[in-house]
Amino acid sequence: MIERVVEVLIYVTLIASLAVPLIYSFGVRRVRVHLAIAFASTILYTIAGVILLSLAGNGQVRFYNGLVVHDSFTSAMVLGSGLTALLVLISIERKASYWSTHPALYSLLPLTLFGVFYLAGAMDTLVVLAGWLLVSVISYVIVALPDDLDSAVASSRYIMVGAVATLLIGLWAASNVVVASSVGLEGFRLSSYTDDKISALAFTAIIAALGFKVGVAPFHWWLPSVYGRGDGRVIAVVAGIAKLGFIAVIARIIVEASRSPLAYAGVPASKYIAAGLAALAVATMTYGNIAALTPRNVQAILAYSSIAQVGYILVGLSAAAYFADTSPEATSIALAAVALQSIAYALAKAPLFAMIPEAGRDLADLKKLAARGRGVTLAVMMLILSLLGLPPLLGFWGKLYLFLAAAGYSLLLVAIALINSGISSAYYIRMIREMLRTEQAGEKAEITDTTEASLIIAAILITLLGITAPLLIQSFAPII
Amino acid sequence: MSEPLSYTITGFLPWSLTWLLPYLGALVLSLAYIAGFKGERLYGLVSVASILLSALISTLAAYRVFTDNAIYAKASVAWFPWLGVTFGTYIDGLGAVMALVVSWLSFLIAVYSLKYMEGDWGFPRYFIIFTFFVASMQLVVLADNLILLFIGWEGTGLASYALIGHWYTDEEDKWVGVPGRRALGKPMYFEPSHSAVRAVLFTRVGDVGLVIGIAAIYLASGTLVIPELASTATGWLAELASKGILPAILLVFTLGALAKSAQFPFHEWLVTAMTGPTPVSALIHAATMVKAGVYFMLRFAPILIAGAIALGTQAVVEGLRDYFLIVAGLGAITAFALATMALVSNELKLILAYSTASQLGYMFIAAASAGLLLGFAGMEEVASSVMAGLSHLVSHAVFKAALFLVAGWLIHVAHSRFIDRMGGYARYMKLTAISLWLAGLSLAGIPPLSGFFSKELVIHYAEEAGVSWIFFLAVVTAGLTAAYTIRMILRVMHLEPLEADSHVKAHEAPKLMLIPYLVLAIASLALGVGWSYTSGLLSKASELTIGLVEKAKLSVELTGVTGVVIALVLGSIGSVYYLYSIARVDFRDLIERNTLARYLHDFLFDRWYINSIYYIVIVGSFSYAAYAMYALDSIIDTIYHAGVPMLGALGAMALRVLHRGRTDYYLAMYAYFISLALLLLYLFWGR
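Computed from a predicted structure; not experimentally measured. (Residues numbered from 1 in each chain as written. Chains lettered and ligands numbered in written order. Predicted model: local features only at pLDDT ≥ 70, side-chain atom pairs only at ≥ 80, totals over all residues. Heavy atoms only, no water.)

**Digging into the layout of surface pockets**
Residues and elements named next belong to chain B.
- By volume, the largest pocket is sized at about 1,100 Å³.
- Forming the boundary of the largest pocket are 36 residues, of which R487, Y580, F587, R588 and I591 lie nearest the centre.
- Sorting elements by how many residues they give to the lining of the largest pocket places helix α23 (residues 595-605) first, with 6 residues.
- In the lining of the largest pocket, the residues fall into 22 nonpolar, 4 polar and 10 charged.
- If you add up the space inside the second largest pocket, you get close to 680 Å³.
- Lining the second largest pocket are 30 residues, and of these Y116, D173, K174, I411 and H412 sit closest to its centre.
- For the lining of the second largest pocket, the secondary structure elements donating two or more residues are α3 (93-116) and α15 (379-414).
- Among the elements that take part in the lining of the second largest pocket, α15 stands out by supplying 4 residues, more than any other.
- In terms of residue class, the lining of the second largest pocket is built from 13 nonpolar, 7 polar and 10 charged. (1 Å grid on protein atoms, 1.4 Å probe; cavity = no way out; pocket = protein on both sides within 12 Å on 5 of 7 lines; lining within 4 Å. Points joined across faces, edges and corners; volume = space filled by probe spheres on them. Helix = DSSP H or I, 4+ residues; strand = E, 2+ residues; numbered from the N terminus. Nonpolar A, V, L, I, M, F, W, Y, C, P; charged D, E, K, R; others polar.)

**As for the domain arrangement of chain B**
Residue and element names in this part refer to chain B.
- Taken domain by domain, chain B holds domain 1 (7-600) and domain 2 (612-684).
- The centre of domain 1, based on its C-alpha atoms, is set 61 Å off from the matching centre of domain 2.
- Across the contact, 10 residues belong to domain 1 and 5 residues belong to domain 2.
- Where domain 1 abuts domain 2, roughly 600 Å² becomes buried across the two surfaces, and 65% of that area is made up of carbon and sulfur atoms.
- In this assembly, domain 1 and domain 2 are joined by 0 salt bridges.
- For the interface between domain 1 and domain 2, the tally reads 4 residue pairs in polar contact (both at pLDDT 80 or more). (Domains from an automatic or database assignment. Contact = heavy atoms within 4.5 Å. Buried area = accessible area lost by both parts, 1.4 Å probe. Salt bridge = Lys/Arg side-chain N within 4 Å of Asp/Glu carboxyl O. Polar contact = N/O pair within 3.5 Å; in protein donor to acceptor, adjacent residues only side chain to side chain.)

**Observations concerning a nonpolar patch on the surface**
All names here are of chain B.
- Taken together, the side chains of L184, I613, I616, V617, I618, V619 and F622 make up a nonpolar region of the molecular surface, amounting to roughly 630 Å² of accessible area.
- By the element assignment, I618 lies in helix α24 (residues 610-657).
- Here I618 falls in the partly exposed class, since its relative accessible area comes to 43%. (Patch = residues over 30% accessible without salt bridge, like charges linked within 9 Å, V, L, I, M, F, W, Y side chains within 5 Å. Areas by Shrake-Rupley, 256 points an atom, 1.4 Å probe, with all protein chains shown as cover. Buried < 20%, exposed > 50% of the residue type's maximum accessible area, 1.4 Å probe, protein only.)

**Some remarks on the environment of A552(B)**
Residue and element names in this part refer to chain B.
- As for its position among the elements, A552 is in the loop between α20 (531-543) and α21 (560-582).
- When the C-alpha atoms of A552 and A541 are compared, they prove to be 8.6 Å apart, with 11 residues separating the residues in sequence.
- Look past the residues within four positions of A552 in its chain and what remains in contact with it is A383, S384, M387, S539 and S542.

**Examining the interface of chain B and chain A**
- On the side of chain A, 37 residues touch chain B, which itself brings 25 residues to the contact.
- Here chain B is connected to chain A by 0 salt bridges.
- Remark: the boundary between chain B and chain A carries 7 residue pairs in polar contact (both at pLDDT 80 or more).
- It is helix α25 (residues 663-684) of chain B that provides the largest number of residues to the side of chain B that touches chain A, a total of 12 residues.

**Let's talk about the packing of helix α1 (residues 2-25) of chain A against helix α4 (residues 104-121) of chain A**
All names here are of chain A.
- Axis separation between α1 and α4 bottoms out at 7 Å; the angle between their running directions is 150°. Between α1 and α4, the crossing angle belongs to the class labelled roughly antiparallel. Here α1 runs over α4; the crossing is left-handed. Contacts between α1 and α4 involve V6, I10, Y11, T13, L14, A16, S17, V20 and P21 from the first element and Y106, S107, P110, L111, F114, F117 and Y118 from the second.
- In the contact of α1 with α4, the residues fall into 13 nonpolar, 3 polar and no charged. (Axes fitted to C-alpha atoms, helices over the stretch in contact; angles between N-to-C directions. Parallel < 35°, antiparallel > 145°, perpendicular 65-115°, else oblique. Left-handed = near helix turned anticlockwise from the far one by under 90°.)

Below is the structure:
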């Protein structure tokens, strides 16, 4: 019964997204109304996330006869996307109404959430495909919403590379249907394939496609261009909200693939997959962290650091893959860690990206933030420190549990992750140092109160969730 | 093994006030200092009063001990339950005598300091630390366990450091040594702040040994309480001997004592400690703190010996003999070497400092001789030898304190620490001259002064111990002692100054300064004249001391050796008198003209070059190590501050160069890497 409530709340996001352009065309031009609809639906979606998470604590929550299934991991991602969307909305507030594309953002944001719900819970090839298409297309459009040239350029790049990725996911879906003869969960499993060459092709295709979305090296080429040059407010949607859905689905596909009772030359498939993911994790972390070391453009640093953060998440995913066929408990712990880290990432990154258009892209502009006030300075500092992984902030627990989960698989991988975390301190601390420089009394950053509020709320959330993280992770039900 | 010593257990507080009261005094003064009180009167009064109270309680305690029984004032609350350590004050014969000596000398010297330090800019600080020192010293001699003893021990070290560096602004008149003088290229003059650090470093080496020794003995015995260590000695001695580490552990345990009492090779710190105010030299660096090492030996030698006798194992006896031989040997070397240095020194306090270390060597000889008697002498002999050490400790404390206090006045009069600028003072200050003669003759070992008896006893037991070279050095040192003492007295009191200073107006010391040293000088005479009473008291103390529990025989008999020693002493005195007063030999001229004499003089004057060798070998090697570390550090710093950032910057640039901002290029890269992944999978994937 209560699942129906969740379903209804999810439909509200769809209705809201359709209602905004509809009432606009009927002459309701007041942005407050559009904003209120977006806000209300996002709040309801977040409530749905809370309900879902509590339901999932007792076991899987099934929708549409099992086509969409949410467990503790995916429902945490749903809740995380809701919270992030609230932060983004607070930050953007009425500002999207200045764009000629108004009121698209207030419509597309709830629609993104709607897509994330299905994407994260997809148990069926076709649902994955549908969710992918919905969220991807919205992402491309959202990046293009602002009127400036940079946004247009970023969006067109995103679309072009995304088109190739869509071809790849199509290839994967086709392989599932034709070769593995299953559109359901069976299709995700490598053992369903009769031909190893095709299973390799299909698996490569899905990892390359979803890897492209979340920014896994070496499929990440588009990301610095889009994250680094697009308007920060729309990048916050792509980098924060949509990404959680993609991480959830890539995790599910990887875990299901690794569960295949298959062995290549005596070695279980899960170990191959874990090793491959570990290699991608190392490449991704290292690439992101090193590339982020020297730019003076804050948005570029945030873009590269997004790559690095996905690298840490891959560390957890490789551990989840490694234990998938032998220890469901260890896999559950690894996935819980992935959820914590992903949410910590989204909650910190989204408001930071959203702040850039007002605060300025240059490192020196950070100083102006400090001139604006202690509250906002402290909040930005805490968000950065959470990304760095400082206790007791949420980012610390995310990394801690990720690395603990991976320690059972490979200490070398954990060591490399720790070293990477150390390298990342160079640019995170550099940002904080720039912000706290006092040698020149600077002008104040001209950020709006709502942007400031979203930063402060994010910092409070990160702290509160950080303090309660060990309890939250205990409430996670095992992932079956 | 002799009977275990019985003791009366009492409440903690009354007898522990002996050391708690001065601590309380120091605390009150510290608070006053923090609160900003400036008046000298307050600091002087509280300090002197708390020390006097401590002295009175010590006297009562001694009375109780001598008329009744040893006292064990035990706290009812365990202090370190997991170590089985109680919190208590233990007063037996040895402790009672030590507490009497420490507290009454401290009181007299505190009174002297009131005048001596008058108007000094560090007056409050001086009295705070002085009082703290007295408390710590009392704690050392009365602690019932090794932890408490160690706390007191370190407290005295801290106070010593602070008072040696009291004049830390390092004006030249507060230095020790001849400004500009170098030996083997190393400076032989020391500022107060430098001397203070030296004292800490030298004693620290020993203290580390002491801590290791305490730990080792605890591991072997399971207790840190001194009376329990005595009653379980057989067990832990056997345990250590069975592992073959008995002499080594005991030596490490004794390192602290050797360093504290400035025995060779740790003696260097005491020499330069003379940068402190003279009353401090008198109290800490002559009468009390430097005696802590001797006390340590007197406390533990009987426990070791009694344990070995009870055990009767050959391995333990041999182990102990090895240990005692080394300690006695170091004592003998110190006694001799430092006495030779005193012969040529031209600084009044330095002469006394050399003399102190030399006399401390005697005390070590006596305590260790008791151990060397092990196996072929009875417990009475052993107790007598130990008590010979204690009697020399007591008589030395009295006469050396007097000598230092006189020196303080003379340095004040001469405005110089060098005896070359002093002379002929006897006619201006009769009472001071009498004090100096009485105390000096006691040091020289002339009957019937106390120094004669105690030194004779030490030499007697050195002979009994049967190690001929140690005995020989002890005898020769007696002659040297008489020589440098008389040289010093003649030059400052009776001969004309070598470098006259017409501005100096010599006169008698103010009463507050005069009375303390006069009292002490007379005491050293009285202790000697009444030796039968003194020795009776010490003999009784021996009976009441843990591990001994036997009357000591402390009467001096006239033997051949005594005759030889007396003849040697008188001969020395006669020679010095002849050379300086009759022949009026110009030694400065002699050194100028005669190369051999110059070499000999420089060798002794520059302290056998030991200081310079320390600086070259130890300080030098640390300097080189520091340079090496610095070089290594620079390389590491360069790697971190230049290499790593450069690599990072290059890496960051190289990686970002790959993002060229062209969509076709991104697509190509994407396709390329997907193909690469497929290729790799096709190579390795497959059943």
